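Spelled out from the first residue to the last, the chains are:
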Amino acid sequence: ACLAATVAFDAAQAQAPRFEVTVDPTAGATPLTGRLVVVVSKNAQPEPRMIIAPQGPAVFAVDLDQLRAGQAAIVDAKTSLGYPMPLAQLPAGEYYAQAIVNVYEPIKRADGKTIWVHFNDGTQEVMQIAAGNIYSDVQKIQVGSGGTVKLRIDKVIAASPRPQNTDWVKYVRIQSPKLTAFWGRPVYVHATVLLPKGYNQHPNVKYPTVYTFGHNVPFGFTPDSTHVRGLGQISPVTGLESGYDFYKSWIADGFPRFIAVSFEQATPFFLDSYSVNSASNGPYGDAMEQEIIPELEKQFRMIGKPYARLAEGASTGGWQTLALQLKHPDFFGGAWVLQPDPIDFRRYQLVDIYSDTNAFVLPNTQLTTTERPFRRTVEGQVAWTLRQLSLFEEVLGTRGRSNYQLEGWEAVYGPIDADGYPKPLWNKLTGTIDRSVANAMRDNGYDLRDHAQKNWDTLGPKVAGKLHFFA
């Protein structure tokens, strides 16, 4: 039986393609370190790299360590990690392949750790569009007869232009001294400020401010109705309005007058810092309270007092909103917490990280297990499981560098390993939970239910009447 399995495995490897990827000197003349991902799709358009997702095309990846221009990097059945299956199991047929590299650089942090990550100026941008990353043309390939596919990377992603100010919306980039000191290079937080009707006509009036987390422009504010129809944009004002509907309310005579602000605060590990201090990302909580918001209050006519600082957010922003109110109870005057990321780690999605031993499966009896879903459709169908998402993230980036959800959480909540990277809560290939990481997340105050309960004698009176939940 073992011999038969070995023969079958060798046969599958022989049928799998071997990708030979080179970088043109025009795309990278210096030795290259990063994550090379070969994307294999059934369709040429949209470009395979643009639809990388847990329900998207197949992806196969290897780490690059000081790859020289012109030197071939090999992605094959032996060297690569693949999703949703190993390269040797990719069904025979006609496909379109494209290579992309998430380019890393060495960063020496204030904690003495030097790590290799993709770094930008705080702008939210996924790997597929991140400035400085490099990629190849799309190439038609045939899978099933082995052979070598040569892909040449010769394109560099340019920085996206920043949006322009309008009468209503102002874009501000603020450098944080605290974060700059932590990362050893300039670090910025981007703020999008929505001004109320009459702001310019009443120069002596000051306004309360709603800090809204999770929106590119506060509440999806969109003055153009053709831009939003059919896109399903949701505003938390009613849960049903589009950004254009909100715009019409915002400019109406009877609408309350306040300033609204949203943020971009991407870190090397995720699209958002979650506005708290963390071992991997640095002192974002201190920066928000002591630097970013005070600077906005200087630039705009905001009432810089706790009662006039309100926080609101959904999903990631929901967790941030609650964390900011609980960890800075004297700074904010109210929090509207909408369908937040897990605020009680006894239900980290569907995992109890303190008592479960494996994240992927729910034990039923001695002999059977059930896979835990991570995302479901509105009908209840499983879109993908926790096992699948974990593998997907491990393919996109080793050592917590996938820039995706699970590892984003670990960078925010968890400790760092000996080399300075986020320490994983569970093994992304086996699901085995590291209890020391789980306990550190709780003991350091990221399990918000546990944090509130432990500190309720002093915290409770400070947040009385300030917490509003919706899910």
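The rules behind the values
Residues numbered from 1 in each chain as written. Predicted model: local features only at pLDDT ≥ 70, side-chain atom pairs only at ≥ 80, totals over all residues. Heavy atoms only, no water. Helix = DSSP H or I, 4+ residues; strand = E, 2+ residues; numbered from the N terminus. Rg over C-alpha atoms; globule rule 2.2 N^0.38 Å. Buried < 20%, exposed > 50% of the residue type's maximum accessible area, 1.4 Å probe, protein only. Contact = heavy atoms within 4.5 Å. Lys, Arg positive; Asp, Glu negative; His and termini not counted. Charge placed at Lys NZ, Arg CZ, Asp CG, Glu CD. Pairing = 2+ DSSP bridges. Right-handed = clockwise from strand over helix to strand, strands pointing away. Core = buried A, V, L, I, M, F, W, Y, C linked by side-chain atoms within 4.5 Å. Patch = residues over 30% accessible without salt bridge, like charges linked within 9 Å, V, L, I, M, F, W, Y side chains within 5 Å. Areas by Shrake-Rupley, 256 points an atom, 1.4 Å probe, with all protein chains shown as cover. Salt bridge = Lys/Arg side-chain N within 4 Å of Asp/Glu carboxyl O. pLDDT = per-residue confidence, 0-100. Axes fitted to C-alpha atoms, helices over the stretch in contact; angles between N-to-C directions. 1 Å grid on protein atoms, 1.4 Å probe; cavity = no way out; pocket = protein on both sides within 12 Å on 5 of 7 lines; lining within 4 Å. Points joined across faces, edges and corners; volume = space filled by probe spheres on them. Nonpolar A, V, L, I, M, F, W, Y, C, P; charged D, E, K, R; others polar.

(A) Fine view of the overall build of the protein. Along the backbone of the protein there are eleven helices and 24 strands. Against the globule reference of 23 Å for 471 residues, the protein gives a C-alpha radius of gyration of 24 Å, in line with a compact fold. C-alpha atoms of the protein, sized along the principal axes, occupy 80 × 55 × 50 Å. The burial tally for the protein puts 52% of its 471 residues in the buried class. Within the protein, residue pairs in contact and separated by at least 24 positions form 68% of the contacts whose partners lie at least 6 positions apart. With 44 positive and 45 negative side-chain charges, the protein shows a spacing of 2 Å between the two charge centroids.

(B) Molecular detail of the pairing of strand E13 (residues 188-194). Burial analysis of E13 places seven of its seven residues in the buried class, the great majority of the element. Residues Tyr188, His190, Thr192 and Leu194 line one face of E13 and the alternating positions Val189, Ala191 and Val193 line the opposite face, and both faces are buried. With seven bridges joining them, strand E12 (residues 169-175) and E13 adopt antiparallel strand pairing. Residue glutamine 175 lies in a different strand from E13, and its bridge partner there is tyrosine 188. Examined bridge by bridge, E13 and strand E15 (residues 259-264) share five bridges and lie antiparallel to one another. Across the sheet, residue valine 193 finds its bridge partner in E15, namely valine 261.

(C) Focus on unusual backbone geometry. With an omega of -5 degrees, the peptide bond running from glutamine 45 to proline 46 counts as cis. You can see proline 46 is positioned in the loop between strand E2 (32-41) and strand E3 (58-67). Cis geometry marks the peptide bond from tyrosine 83 to proline 84; its omega dihedral reads 5 degrees. By the element assignment, proline 84 lies in the loop between strand E5 (81-83) and strand E6 (93-103).

(D) Highlighting the pairing of strand E18 (residues 309-315). Note: strand E14 (residues 209-213) against E18, five bridges, orientation parallel. Within E18, the residue paired with tyrosine 211 across the bridge is alanine 311. Where E18 meets strand E19 (residues 334-340), six bridges bridge the pair, whose relative direction is parallel. Bridging from a neighbouring strand, glutamate 312 pairs with tryptophan 336 of E19. Handedness of the crossover is the feature at issue here: the chain leaves E18, passes through helix H6 (residues 316-327), returns alongside E19, and the resulting connection is right-handed.

(E) Up close: the nonpolar core. Of all hydrophobic cores here, the largest spans 51 residues; its most connected members are Tyr348, Ile353, Tyr413, Leu425 and Trp426. If you tally residues by element for this core, the top one is helix H7 (residues 386-396), at six residues. The contact partners of leucine 425, leaving out residues within four places of it in the chain, are Tyr348, Ile353, Glu410, Thr432, Ile433, Asp434, Val437, Ala438 and Met441. Formed by 36 residues, the second largest nonpolar core is a distinct cluster that contains Ile107, Trp183, Val193 and Ile259.

(F) Fine view of a nonpolar patch on the surface. Taken together, the side chains of Met50, Ile51, Val126 and Ile129 present a nonpolar region at the surface, about 280 Å² in accessible area. You can see methionine 50 is positioned in the loop between E2 and E3.

(G) Examining the confidence of the model for the protein more closely. When pLDDT is averaged across the protein, the result is 93; 93% of the residues are at 70 or more. Note that pLDDT drops below 50 for residues 227-239; the model gives that stretch 25 contacts with residues more than four away or on any other chain.

(H) Molecular detail of the sheet that holds strand E24 (residues 467-470). Spatial strand order, E12-E13-E15-E14-E18-E19-E24: seven strands in an open sheet with mixed pairing. Of all the strands in the sheet, the pair left with one neighbour each is E12 and E24. On average, each strand axis in the sheet is inclined to that of its neighbour by 20 degrees, with strand direction left out of account. In this fold H6 packs onto E14, E18, E19 and E24, with an angle of close to 145 degrees to the strand it touches most, E18.

(I) Layout of empty space enclosed by the protein. Per the counting criterion, the structure on display carries one cavity of 30 Å³ or more. Looking at the largest cavity, its volume works out to about 210 Å³. Taken together, 24 residues line the largest cavity, and the ones lying closest to its centre are His118, Asn120, Thr267, Pro268 and Asn403. Of the residues in the lining of the largest cavity, the class split is 14 nonpolar, seven polar and three charged.

(J) Molecular detail of the layout of surface pockets. One number sums up the size of the second largest pocket: a volume of about 340 Å³. Along the wall of the second largest pocket there are 17 residues; nearest its centre are Thr123, Gln124, Ser160, Arg162 and Glu264. Split into classes, the residues belonging to the lining of the second largest pocket amount to seven nonpolar, six polar and four charged.

(K) Looking closely at the environment of alanine 69. Within the secondary structure, alanine 69 sits in the loop between E3 and strand E4 (73-75). Taking C-alpha positions, alanine 69 is 5.7 Å from alanine 29, a pair spaced 40 residues apart along the chain.

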